[in-house]
Amino acid sequence: MLSPRRLAATAAFLGILTVVLVVLVVTGALEPGAAAATGAFVISLAALAFLVLSVRRLDGKAHRIDLRVKKHEAELARTATALTRIESRIDTLTRAVEQSMARHGEDLAAILASLGEDRVNAMAHAREVEELREEVHELAKDPV
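Residues numbered from 1 in each chain as written. Predicted model: local features only at pLDDT ≥ 70, side-chain atom pairs only at ≥ 80, totals over all residues. Heavy atoms only, no water.

### Digging into the overall build of the protein chain
So, step 1. Within the protein chain, the regular secondary structure consists of two helices and zero strands.
So, step 2. Over its C-alpha trace the protein chain gives a radius of gyration of 51 Å, far above what one expects of a compact globule, namely 15 Å for 144 residues.
So, step 3. Seen through its C-alpha atoms, the protein chain measures out along the principal axes to roughly 165 × 25 × 15 Å.
So, step 4. Burial statistics for the protein chain: of 144 residues in total, 3% are counted as buried. (Helix = DSSP H or I, 4+ residues; strand = E, 2+ residues; numbered from the N terminus. Rg over C-alpha atoms; globule rule 2.2 N^0.38 Å. Buried < 20%, exposed > 50% of the residue type's maximum accessible area, 1.4 Å probe, protein only.)

### Focus on a nonpolar patch on the surface
So, step 1. A cluster of nonpolar side chains, namely Phe41, Leu45, Leu48 and Val52, defines an oily patch on the protein surface of about 380 Å² accessible area.
So, step 2. Residue class for leucine 45 comes out partly exposed when judged on its relative accessible area of 41%. (Patch = residues over 30% accessible without salt bridge, like charges linked within 9 Å, V, L, I, M, F, W, Y side chains within 5 Å. Areas by Shrake-Rupley, 256 points an atom, 1.4 Å probe, with all protein chains shown as cover. Salt bridge = Lys/Arg side-chain N within 4 Å of Asp/Glu carboxyl O.)

### Observations concerning a positive patch on the surface
So, step 1. On the surface, Arg6, Arg57, Lys61, Arg64, Arg68 and Lys71 cluster together to form a positively charged patch.
So, step 2. A total of five residues in the positive patch trace back to one element, the largest contributor, which is helix α2 (residues 32-141).
So, step 3. Note that arginine 64 resides in helix α2. (Lys, Arg positive; Asp, Glu negative; His and termini not counted. Charge placed at Lys NZ, Arg CZ, Asp CG, Glu CD.)

### Here's the deal with a negative patch on the surface
So, step 1. There is a patch of like negative charges on the surface, built from Glu128, Glu131, Glu134, Glu135, Glu138 and Asp142.
So, step 2. Here glutamate 135 is to be found in helix α2.

### Topic: the packing of helix α1 (residues 4-27) against α2
So, step 1. Closest axis-to-axis distance for the α1/α2 pair is 9 Å, and the angle between their directions is 165°. As judged from the angle between their axes, α1 and α2 are roughly antiparallel. In this structure, the crossing between α1 and α2 has a hand that is right-handed. For the pair formed by α1 and α2, the contact residues are Phe13, Leu14, Leu17, Leu21 and Val25 on the first element and Pro32, Ala35, Thr38, Gly39, Val42 and Ile43 on the second. (Axes fitted to C-alpha atoms, helices over the stretch in contact; angles between N-to-C directions. Parallel < 35°, antiparallel > 145°, perpendicular 65-115°, else oblique. Left-handed = near helix turned anticlockwise from the far one by under 90°. Contact = heavy atoms within 4.5 Å.)

### Let's talk about α1
In an α-helix, one turn spans 3.6 residues, which is why side chains three or four residues apart end up on the same side.
So, step 1. Taking 1.5 Å of rise per residue, the 24 residues of α1 would be expected to cover 34 Å, and the 34 Å separating its terminal C-alpha atoms lies within 8% of that figure.
So, step 2. Residue glycine 28 follows α1 closely and has a positive phi angle near 90°. (Expected span 1.5 Å × (residues − 1).)

### A look at the pattern of salt bridges
So, step 1. Using the criterion set out here, one finds two salt bridges in the structure.
So, step 2. Salt-bridge contacts for lysine 70 lead to aspartate 66; the nearest nitrogen and oxygen are separated by 3.5 Å. Separated by four residues within a single helix, lysine 70 and aspartate 66 lie in helix α2, roughly one turn from each other.
So, step 3. Under the relative-accessibility criterion, lysine 70 is labelled partly exposed at 48%.
So, step 4. Ionic pairing is found between arginine 133 and glutamate 130, a salt bridge with its closest N-O pair at 3.9 Å. Here arginine 133 and its partner glutamate 130 are both found in helix α2, three residues apart, which amounts to about one turn of the helix.

Right, here's the structure in full:
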């Protein structure tokens, strides 16, 4: 797209060209057909130059876009690699947590079993102590 300044410069150039060609035709230095052919040739050259500049501009934009895409692809590759490492760490941690939970369950079962045995033993000891107290009380009541 032409900017307003470029459009004005192009219009001024075409105006000057038209005035020069008209002056040359009026003075007889150039025939009207040759002037028209010259004008058409200059206009076609200007259009060709405009197209070349537009293509170069588009090529530059495409190149910058390509560089940006490559940069994003490299970032995505690094992110994918990082995600793979994170996933492997998560898998390792999951296995460790599962093993820890299994050990914890086994430890709890052992503790509960031990507590159960201790309670049973404590109840037996409590009965023995109670029996011993009763015997001591009976002995204390009996005068010897």
